[in-house]
Amino acid sequence: MNFKVSDEIYYARNGEWIQVDENLVTVGLTDFRLYELGEVLFLDLPEEGKLVRQGEDFFSIESAKLIHDFVSPVTGTIIEVNQSLYDNPDVLNDDPFSEGWIIKIEMENEKDLATLMRSVEYRQHIGLKIASPQKTEFFEQPVRSGT
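Residues numbered from 1 in each chain as written. Predicted model: local features only at pLDDT ≥ 70, side-chain atom pairs only at ≥ 80, totals over all residues. Heavy atoms only, no water.

J.: Help me understand the overall build of the protein, please; the structure alone is not making it clear to me.
T.: In terms of regular secondary structure, the protein is built from 4 helices and 11 strands. Evaluated residue by residue, the protein yields a buried proportion of 48% over its 147 residues. Carbon and sulfur atoms make up 45% of the accessible area of the protein, which amounts to about 7700 Å² in all. (Helix = DSSP H or I, 4+ residues; strand = E, 2+ residues; numbered from the N terminus. Buried < 20%, exposed > 50% of the residue type's maximum accessible area, 1.4 Å probe, protein only. Areas by Shrake-Rupley, 256 points an atom, 1.4 Å probe, with all protein chains shown as cover.)

Now the structure itself:
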C-alpha cells in the first residue's frame, strides 16, 4: 500500500490533512488514516456557520472498523461542508486529497498552525520510512501500525 505525504500541507495527529490559503483552511483525511478506518459508511458533519475550537470534536465518521470523532485543527467558523460526501462517502477513500475534502474553515488565528505537523514529522508519526524530501511522495506500507 502506498500513502501520499505532501510537503505543501499540514497534518494533525488524528489523521487530518490541512491545506491553508491565507485564512481559509480546508480539512480532509489522509489516505493513511482512511486505510486504518476501512470503508467509510457514514459521516456526521457540522453545519455551515458553526464556530469550532481547536482541539474540540467537530465531526465523526463511522467506518467498517469503528466510529471515530475528529478534533478541529484550528479555531474558526465553518464556511463550507462537502455535502456530496453524504451521498457518496466512497469518494473519501477514492480521492481523499481532492474531491474528498470534508470541511472549509475560516481560521481566526494562524498561530493555531504551530500545533500541527509538517510532512517530515507526520511521516515519523505514522511510522513511514523517511525518503529524501520532494513536493509529493508516496511511501510503502508503514514500518509500524498505529493511530
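J.: Is there a simple way to think about the pairing of strand E7 (residues 57-63) in this case?
T.: It is a general feature of regular strands that their side chains alternate between the two faces of the sheet. E7 sits mainly inside the fold: 5 of its 7 residues count as buried. Where strand E5 (residues 40-44) and E7 come together, 4 bridges link them in antiparallel fashion. If you follow Phe42 over to E7, its bridge partner there is Glu62. With 5 bridges joining them, E7 and strand E8 (residues 67-71) adopt antiparallel strand pairing. In the strand pairing of E8, Asp57 is matched with Val71. (Pairing = 2+ DSSP bridges.)

J.: Honestly, the sheet that holds strand E9 (residues 76-81) in this entry has me stumped. Any pointers?
T.: Where strands meet in a sheet, backbone hydrogen bonds hold them as pairs that are either parallel or antiparallel. Read from one edge of the open sheet, 6 strands run E2-E3-E4-E10-E9-E6, paired in antiparallel fashion. Of all strands in the sheet, those bounded by a partner on one side alone are strand E2 (10-11) and strand E6 (51-52). As paired strands, strand E3 (residues 16-21) and strand E4 (residues 24-29) are joined by 6 bridges and run antiparallel to one another. Within E4, the residue paired with Ile18 across the bridge is Val27.

J.: Would you mind showing me how to read the packing of aromatic side chains here?
T.: How two aromatic rings sit relative to each other is given by the distance of their centres and the angle of their planes. Applying the stated rule across the entire model yields 6 aromatic pairs. Between Phe3 and Tyr35, the ring centres sit 5.4 Å apart and the planes meet at 70°, which makes this aromatic pair edge-to-face. In this pair, Phe3 is assigned in strand E1 (residues 3-6) and Tyr35 in helix H1 (residues 31-37), connecting sequence segments 32 residues apart. You can call Phe3 buried: its relative accessible area is 0%. A residue is classified by how much of its surface remains accessible, and Tyr35, at 38% relative accessible area, is partly exposed. Residue placement shows Lys65 over the ring face of Tyr35; its charged tip is 6.0 Å from the ring centre. Above the face of the Trp101 ring, Lys104 is positioned so that its terminal group lies 4.7 Å from the ring centre. (Phe/Tyr/Trp six-rings, centres within 6.5 Å; stacked < 30°, edge-to-face > 60°. Lys NZ or Arg CZ within 6 Å of the ring centre and 35° of its normal.)

J.: What should I look at first to understand the nonpolar core in this one?
T.: Soluble, globular proteins show a tendency: their nonpolar side chains are buried together. Counting 28 residues, the largest nonpolar core has Leu29, Phe58, Phe59, Ile61, Leu92, Ile102 and Ile105 as the members making the most contacts within it. Listed by contribution, the elements that provide at least two residues to this core are E4, H1, E5, E7, E9, helix H3 (90-94) and strand E10 (103-107). Residues in contact with Leu92, not counting those within four places in the same chain, are Leu34, Val40, Leu43, Ile61, Leu85, Gly100 and Ile102. Among the nonpolar cores identified, the runner-up in size contains 12 residues, and Phe3, Val5, Met117 and Ile126 belong to it. (Core = buried A, V, L, I, M, F, W, Y, C linked by side-chain atoms within 4.5 Å. Contact = heavy atoms within 4.5 Å.)

J.: Just checking my understanding: could you explain the pattern of salt bridges for this structure?
T.: Taken as a whole, this structure holds 3 salt bridges when the rule is applied. Here Arg123 ties to Asp7 by a salt bridge, and the two come within 3.4 Å at their closest N and O atoms. Placement of Arg123 in helix H4 (residues 119-126) and of Asp7 in the loop between E1 and E2 is noted, with a sequence separation of 116 residues between them. Given a relative accessible area of 0%, Arg123 falls into the buried group. Taking relative accessible area as the criterion, Asp7 reaches 22% and is therefore assigned partly exposed. Between Arg33 and Glu36 there is a salt bridge, and its shortest N-O distance comes to 3.0 Å. Of this pair, Arg33 and Glu36 both sit in helix H1, 3 residues apart, which is roughly one turn of that helix. On the accessibility criterion, Glu36 (15% relative accessible area) is buried. (Salt bridge = Lys/Arg side-chain N within 4 Å of Asp/Glu carboxyl O.)

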